[in-house]
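Here's the letter readout for the chains.
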Amino acid sequence: MCSSDLDKYVNALPPFAFLLDRHWPQHPEVIVGGFTAPSVALPSGWQFHSIGKMEDYPVERWSNALIRMLLELQYDVFLLMLEDYWLTRPVDHAAFQICADYMHQFEYVARFDLTADRKYSGFAKPYGRDGHVKLIISDPESQYHCSLMAALWRRAHMLKILVENESPWDVEIKGTPRLRALQNYCIVLGTEDPPMHHTLAFRGGDNHKLLLDDISPADVADMREAGLLRPWEKANARR
């Protein structure tokens, strides 16, 4: 698992870790890709990988940072999650493992969506099943065929569609026709019953305001009691 961490989003890591451990105790190893080593303590077993200085990678050069990380960490298949992808319910680990094994077996799968992103794209079609997991295939003509919602990716295919000097929103929008152009060589899959559900704690890159509506009151209360929401509470108190 890789989590792309920008220095200014470092406060999102403790809640990310808290919800990850709560809702997915069997999760794979985590590598946090970022710039300055996090000032917050990472959970035991997590690794930090620096890809340079934050000032060299403003948001409009976000893709440059991801490209560098993929070149330096050469995992054939990996799970990409951003630091504000906070889990909202337990992950179906058995389904995740089936999806991961499928990716390793069939090299023509470029991306395996683990959320409901492809299911609700309006253009997905049934693609058989593997074990208890009902597979769906994304129509290359659909919007956000190259979505960055939590998914397994094949490194080689992702590197083919990434170009320098793009924001994450550019990667999704402009990367979709680039991924579409590879439809004779690779496909994008998803599942009828997504193994993973996460919210976006931030919107539009605004790390000053949290959106917690999709997180259970119990999880919010426990994070607040643990002090994980304090950075945003302090910011609101100063306004």
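Residues numbered from 1 in each chain as written. Predicted model: local features only at pLDDT ≥ 70, side-chain atom pairs only at ≥ 80, totals over all residues. Heavy atoms only, no water.

**Some words on the overall build of the protein chain**
No. 1: If you tally the helices and strands in the protein chain, you get 7 helices and 11 strands.
No. 2: Its C-alpha radius of gyration of 17 Å places the protein chain within 12% of the 18 Å reference for a compact globule of 239 residues.
No. 3: Projected onto the principal axes, the alpha-carbon positions of the protein chain cover approximately 55 × 40 × 30 Å.
No. 4: Here the protein chain holds 239 residues, and 51% of them are scored as buried.
No. 5: Here the analysis covers contacts within the protein chain between residues at least 6 apart in sequence; of these, 72% occur between residues at least 24 apart.
No. 6: When the 25 basic and 32 acidic side-chain charges of the protein chain are each reduced to a single mean position, those positions are 3 Å apart. (Helix = DSSP H or I, 4+ residues; strand = E, 2+ residues; numbered from the N terminus. Rg over C-alpha atoms; globule rule 2.2 N^0.38 Å. Buried < 20%, exposed > 50% of the residue type's maximum accessible area, 1.4 Å probe, protein only. Contact = heavy atoms within 4.5 Å. Lys, Arg positive; Asp, Glu negative; His and termini not counted. Charge placed at Lys NZ, Arg CZ, Asp CG, Glu CD.)

**A closer look at the state of the cysteines**
No. 1: Inspection of every chain in the model, using the stated rule, returns 0 disulfides.
No. 2: Lacking any disulfide linkage, C99 is separated from the closest cysteine sulfur, that of C186, by 17 Å.
No. 3: Of all cysteine sulfurs in the structure, the one in C146 sits closest to C186, which takes part in no disulfide; the separation is 10 Å. (Disulfide = S-S within 2.5 Å.)

**Concerning the layout of surface pockets**
No. 1: Empty space within the second largest pocket amounts to approximately 250 Å³.
No. 2: Taken together, 13 residues make up the lining of the second largest pocket; nearest its centre are M149, H197, H198, T199 and D214.
No. 3: Looking at side-chain class alone, the lining of the second largest pocket contains 4 nonpolar, 5 polar and 4 charged residues. (1 Å grid on protein atoms, 1.4 Å probe; cavity = no way out; pocket = protein on both sides within 12 Å on 5 of 7 lines; lining within 4 Å. Points joined across faces, edges and corners; volume = space filled by probe spheres on them. Nonpolar A, V, L, I, M, F, W, Y, C, P; charged D, E, K, R; others polar.)

**Let's talk about the side chain of H49**
No. 1: Along the chain, H49 falls in strand β3 (residues 47-50).
No. 2: Among the polar contacts made by the side chain of H49, one reaches the side chain of E72 at a distance of 2.6 Å. (Polar contact = N/O pair within 3.5 Å; in protein donor to acceptor, adjacent residues only side chain to side chain.)

**Remarks on the pattern of salt bridges**
No. 1: Counted under the stated rule, the structure contains 10 salt bridges.
No. 2: In this structure, the salt-bridge partner of R180 is E141, at a minimum N-O distance of 3.7 Å. Placement of R180 in helix α5 (residues 168-180) and of E141 in the loop between β8 (133-137) and β9 (151-154) is noted, with a sequence separation of 39 residues between them.
No. 3: Residue R224 is joined to E233 by a salt bridge in which the shortest nitrogen-to-oxygen separation is 2.6 Å.
No. 4: Judged by its relative accessible area of 32%, E233 falls in the partly exposed class. (Salt bridge = Lys/Arg side-chain N within 4 Å of Asp/Glu carboxyl O.)

**What about α5?**
No. 1: With 13 residues, α5 should reach 18 Å at 1.5 Å per residue; the first-to-last C-alpha distance of 18 Å fits that figure.
No. 2: At K174, α5 shows its strongest bend, of approximately 40°, with the proline P177 following within four residues.
No. 3: When we look at burial in α5, the residues that qualify are P168, V171, E172, G175, T176 and L179.
No. 4: Against the buried residues of α5 lie α2 (62-72), β6 (109-113), α4 (155-161) and β10 (187-191). (Expected span 1.5 Å × (residues − 1). Bend = angle between axes of the 7 residues up to and from the residue.)

**A word on the packing of helix α1 (residues 13-23) against helix α6 (residues 217-225)**
No. 1: Closest axis-to-axis distance for the α1/α6 pair is 11 Å, and the angle between their directions is 130°. When the axis of α1 is compared with that of α6, the two are oblique. Here α1 runs over α6; the crossing is right-handed. Note on element contacts: α6 touches α1 through A218, D219, D222 and M223, opposite P15, F18, L19, R22 and H23.
No. 2: Counted by class, the contact of α1 with α6 contains 5 nonpolar, 1 polar and 3 charged residues. (Axes fitted to C-alpha atoms, helices over the stretch in contact; angles between N-to-C directions. Parallel < 35°, antiparallel > 145°, perpendicular 65-115°, else oblique. Left-handed = near helix turned anticlockwise from the far one by under 90°.)

**Quick word on the packing of aromatic side chains**
No. 1: Counted according to the given criterion, the structure contains 9 aromatic pairs.
No. 2: Residues F16 and W46 carry aromatic rings whose centres are separated by 6.1 Å and whose planes lie at 80° to one another, so their mutual orientation is edge-to-face. Within this pair, whereas F16 is found in helix α1, its partner W46 is found in the loop between β2 (31-34) and β3, the two being separated by 30 residues in sequence. A single burial state applies to F16 and to W46, both of which are buried.
No. 3: Here the aromatic rings of Y102 and F106 are separated by 4.6 Å at their centres, their planes lie at 45°, and the arrangement is tilted.
No. 4: Overall, Y102 belongs to the buried group, its relative accessible area being 10%.
No. 5: For F106, a relative accessible area of 24% corresponds to the partly exposed category.
No. 6: Joined through ring pairs, the aromatic side chains of Y9, W86, F202 and W232 make up one cluster. (Phe/Tyr/Trp six-rings, centres within 6.5 Å; stacked < 30°, edge-to-face > 60°.)

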